[in-house]
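Structure assessment
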Amino acid sequence: MIEQIARQLERVAISGWKIKEENVESEEYFFVKNKVDLGRSKKVRKYEVTLYKDFEDKNEKYRGSSVFYISPGMENAEIIQAIEESFFAAGFVKNPWYPLAPAVSKRFYSEEYELSELASEAVGAVFSQMKSINSWLNSIEVFVTRNRDRILNSEGLDVSLSKYRTYIESIVSSSGREEVELYDQLLLSVPDHDRISMRISRLLEMVGERANATATPAVKGVPVILTGEPAKEALKYYLMQSNAHLKYDKISEVELDNSVQSEEEGDRITLEVVPELEGSYYSLPFDNDGLLMKKRKVIENGILISYWGDIRYSYYIGIEPTGAAMNFSVGEGSLTVEEMRKEPHFEVTHFSAVDVDETTGDFGGEIRLGWYFDGSKRIPVTGGSVTGNLKSLDSFCLSRERELNGDYYGPVSLMMEGMKISGE
Amino acid sequence: MKVTNSKYLDDRHDLLRNLISILESDFPYVSILGTDVKGKLFQVTTTGISVNDSRWSERGFVLRVHDGTGYFEFSFNEIDSESLNGIVEFVRKKVAVFRKAMIQNNLEVAKTPIPDEKEWKLSFKDEVKMLPGVLSAEEILGRLSNLKDEAHSLSEEVINVMTLMENVQVSKLFISSKKDLFQSYIWSQGYLYVVARRGKKTKYSMKGFSGLKGAEILDEMDEYVDKVVENARMLLFAERIDPGTYDVICSPDVAGLIAHEAFGHGVEMDMFVKERAKAIEYLGKQVASELVNMHDGAAGVREVSSYVFDDEGCEAKDTVIIDRGILVTGISDVISASILGTKPTGNGKRQSFERKAYARMTNTYFSPGKDDLQEMISSIDYGFLLEDYYSGMEDPKNWGIQCVIAYGREIVKGKLSGRIVSPVMMTGYVPTLLKSISMVSKDFRLSGTGACGKGHKELVKVSAGGPYIKAKARLG
């Protein structure tokens, strides 16, 4: 069908086109405790077509575009209508000109697996951890997916890949002072028995802590340590400050050779965009334009040394594109997690949701599980919130220990001063 | 103007009916949902323009079978007379493989009753004032560009503007041995989004527009540009709030966020099945002040999540969740209702034909009361009027609240002082917040922009809202 679409596109006086074909197959299991509630399977093929139309106005070159979707079984007349409508619309999309991904022909195929066997392995790994007395698996969703994607464009690009993805959503419960739960998402490429069972085991321990947590006290003047997911989400703010699109849109104010951090004391960030992280759900050899992805260090010792971005926005700000990166890594810090925990502090591993605003730098979240250490004892706490702004911190420290977490390889913990803790 | 039908679904109706007939020889229950959702998203920003198919666009089918023990589903988007037998064989094989995997892992299949459906035939086409195709891309982009230019002309502190309109036509077909249902309707949404900067401080303000409407939604956007610019600039003066518990008045948007996040998610009855909802312990008990009445329903009001039947072929309802402070019932999908022995409430929704159906909210709101906003402000010695929001997150098990509110206007001795705090994080325990509601205004407003997730995925369209409410809340 991809050739049929390309033929129809060539009949219109367009300046360029791109077709992305996606073939998605999945096996899905939905559990309540250890009973499966529903099994699902998916087999879907779809096409995303981008049509480009160049024009000039007052000696400036513009490139209009429009994206539309084609589904299998669409009649020829309907495809022609979609092309004509998009061709008309693209004429009013007055964006500065930018190039398409250059001609490359490359295949990236992973080892082949039987999808149902992978799904069964993932399920087995999840339920290998049910030994805790007061904590248990409440509900689990397992999705194992095989993606086969191909991107072609009018420049002669033809790249394709196959990729396996595993998504496990876990709700774990525990009873103590009251019955409580914690939520977790684990994203991997193929199922990794050890990583799945370790993650579930750790989660069962953590929810046990929450079951005995007391209400967050109203404390002032102590540093906040973010561990795990919240640390990753906070560091993503700096990744986005070096993004070409945000720079072009004037949302990121950081200039090259200037600091991405404020005047705070402590560690300076070193950050890279990386196409491939071992076992990452997000690792891809090329982005949605078909551009082969590149690794790039963008922040070194807190200083912005380069931007990263897709082909369009990189062209607009005059840099070589890296591709729309999905993974990033952050260098280690100066303190171990144990050293961070020596002085009084407030540590959070689980928020209801971590809210980091890439435009304003505002940070906040309701605490699901944290610990308050007053200098003598460390008690688990829940409720209340941590709020602040990443542009106005007093100090910033990264842990020496690093971990792989989905699209991120970097410090496990981040310690900051200048945040407000709301509690009872 | 009447919404058109879906040729794609019409053309495949008999084939789908045939597929059901074949599979019924193997399975005691078989149904198919067919979807044909198409739309356009027009967006103009300070730095670029785009006209793309809506991200909500989808076309395909989800087949659901019950094998006498439980359910299995297959999502696909290719079917013709030649591939029919292949689909039948695939489903037979997959159900067997799925059962075998459970045995290998020493896991059980939950026993779920076979649905007891009643005969129902329906063909519904909604109406809008202006079908989306009536205005050309040139006209729409021209109007959005004018709004963007107007925002910039109002202040040099405006550094980026985004104006957007999205029109989506939803057509769905549901077939089982007893049901043959078709519906088609259009929802639209629009945004005005303004980023302002002064020195090192950057803030933004946003106004959303939504409804079962067509291109006429553009008319509503025209009169709000100056207000959104004014708000974005006002936030540049905002301070951070001192954490504490305050008397607050929540605007209809914020009240809707509380209804949705704090309470709505907790009464989605698949959470009852999983024993994840504290609400189950409170059925028939007081959870809110006597002034509080709360509804959810695709049938009660006209907003983006109003429809005639849900994604499991159940009739839309208007469900009273809280009646004068008493928790009456939850909202349910088919599987949860059959396990709990209750009736489905028409809340079985899917992100698309590719995803599972869950119990989901539709249009969730507090009913209006008798108070006047000005009197509500006058009644507060010190507190905040909370307006607009950025996000929220549910905690059905422990009834915690996380609402990120855009800003609060300080109230001192019954008057707005002019001081602004932003952003404001509202946290606390749901019944404590709802029981503290002491005044409810006569106003009523729903908003259905954006999308709602279950946990961190499964996005669906919903709306939420209500009147102004006065309560006590912990802010940080």
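Small disclaimer: the values here were computed from a predicted structure and weren't measured.

Some points on the packing of helix α1 (residues 2–10) of chain A against helix α2 (residues 76–90) of chain A
Residue and element names in this part refer to chain A.
- It is the contact of α1 with α2, at a shortest axis distance of 10 Å, that shows an interaxial angle of 50°. On the basis of their axis angle, the class for α1 and α2 is oblique. The two elements α1 and α2 cross, and the hand of that crossing is right-handed. Only N76, I79, I80 and I83 of α2 make contact with α1, whose side of the interface consists of Q4, Q8 and L9.
- Partitioning the contact of α1 with α2 into residue classes produces four nonpolar, three polar and no charged.

Brief notes about the sheet that holds strand β13 (residues 326–327) of chain B
Residue and element names in this part refer to chain B.
- Strand order in this open sheet of six strands is β13-β12-β11-β16-β25-β22, and the pairing throughout is mixed. At either end of the open sheet lies a strand with only one pairing partner, and these are β13 and β22 (445–447).
- Relative to β13, strand β12 (residues 318–323) runs antiparallel, the two being bridged by two bridges. Bridged to I322 within β13 is L327.
- Helix α6 (residues 252–264) contacts β11 (294–297), β12, β13, β16 (363–366), β22 and β25 (463–466) of the sheet and is inclined by roughly 120° relative to β25.

What about a negative patch on the surface?
- Taken together, the side chains of D192, D194, E276 and E278 of chain A present a region of like negative charge at the surface.
- Here E278 of chain A is to be found in the loop between β11 (271–273) and β12 (296–300).

What about the interface of chain B and chain A?
- Across the contact, 89 residues belong to chain B and 88 residues belong to chain A.
- The tally of links from chain B across to chain A stands at 20 salt bridges.
- In this structure, the salt-bridge partner of K42 of chain A is E354 of chain B, at a minimum N-O distance of 3.0 Å.
- Taken together, the links from chain B to chain A amount to 46 residue pairs in polar contact (both at pLDDT 80 or more).
- In terms of residue count, helix α2 (residues 84–104) of chain B provides more of the side of chain B that touches chain A than any other element does, seven residues in total.

Regarding the sheet that holds strand β22 (residues 408–411) of chain A
Residues and elements named next belong to chain A.
- In space, the six strands of this open sheet follow the order β13-β12-β11-β14-β22-β21, with mixed pairing throughout. Both edges of this open sheet fall to β13 (303–304) and β21 (402–405), since each of them pairs with a single strand only.
- Where β11 and β12 come together, three bridges link them in antiparallel fashion. Across the sheet, E272 pairs through a bridge with K297, a residue of β12.
- Strands β11, β12, β14 (328–330), β21 and β22 of the sheet are contacted by helix α5 (residues 229–241), whose axis makes an angle of about 100° with β14.

Quick look at the nonpolar core
- Membership of the largest hydrophobic core comes to 62 residues, with the highest contact counts inside it found for Y29 of chain A together with L19 of chain B.
- Per-element accounting of this core gives the leading share, nine residues, to α2 of chain B.
- Those residues in contact with L19 of chain B, other than ones at most four positions away along the chain, are I32, L63, F76, I79, L84, I87 and V88 of chain B.
- The next biggest cluster of nonpolar side chains, apart from the first, holds 58 residues, and it includes Y238, Y307, F328 and F396 of chain A.

Overview of α2 of chain B
Residue and element names in this part refer to chain B.
- Compared with an ideal rise of 1.5 Å per residue, which puts 21 residues at 30 Å, α2 spans 31 Å between its outermost C-alpha atoms and is within 8% of the ideal.
- What α2 keeps buried is the set L84, I87, V88, F90, V91, K94, V95, F98, R99, A101 and M102. The buried residues of α2 occupy an angular sector of 165° when projected down its axis, which confines them to one face. Opposite the buried face of α2, at more than 90 degrees from it, the exposed residues are N85, K93, K100, I103 and Q104.
- The first or second residue beyond α2 is N106, which carries a positive phi of 55°.

Reading the values: the criteria
Residues numbered from 1 in each chain as written. Chains lettered and ligands numbered in written order. Predicted model: local features only at pLDDT ≥ 70, side-chain atom pairs only at ≥ 80, totals over all residues. Heavy atoms only, no water. Axes fitted to C-alpha atoms, helices over the stretch in contact; angles between N-to-C directions. Helix = DSSP H or I, 4+ residues; strand = E, 2+ residues; numbered from the N terminus. Parallel < 35°, antiparallel > 145°, perpendicular 65-115°, else oblique. Left-handed = near helix turned anticlockwise from the far one by under 90°. Contact = heavy atoms within 4.5 Å. Nonpolar A, V, L, I, M, F, W, Y, C, P; charged D, E, K, R; others polar. Pairing = 2+ DSSP bridges. Patch = residues over 30% accessible without salt bridge, like charges linked within 9 Å, V, L, I, M, F, W, Y side chains within 5 Å. Areas by Shrake-Rupley, 256 points an atom, 1.4 Å probe, with all protein chains shown as cover. Salt bridge = Lys/Arg side-chain N within 4 Å of Asp/Glu carboxyl O. Lys, Arg positive; Asp, Glu negative; His and termini not counted. Charge placed at Lys NZ, Arg CZ, Asp CG, Glu CD. Polar contact = N/O pair within 3.5 Å; in protein donor to acceptor, adjacent residues only side chain to side chain. Core = buried A, V, L, I, M, F, W, Y, C linked by side-chain atoms within 4.5 Å. Buried < 20%, exposed > 50% of the residue type's maximum accessible area, 1.4 Å probe, protein only. Expected span 1.5 Å × (residues − 1). Arc of directions from axis to C-beta.

Purely spatial values, then, with no claim about function.
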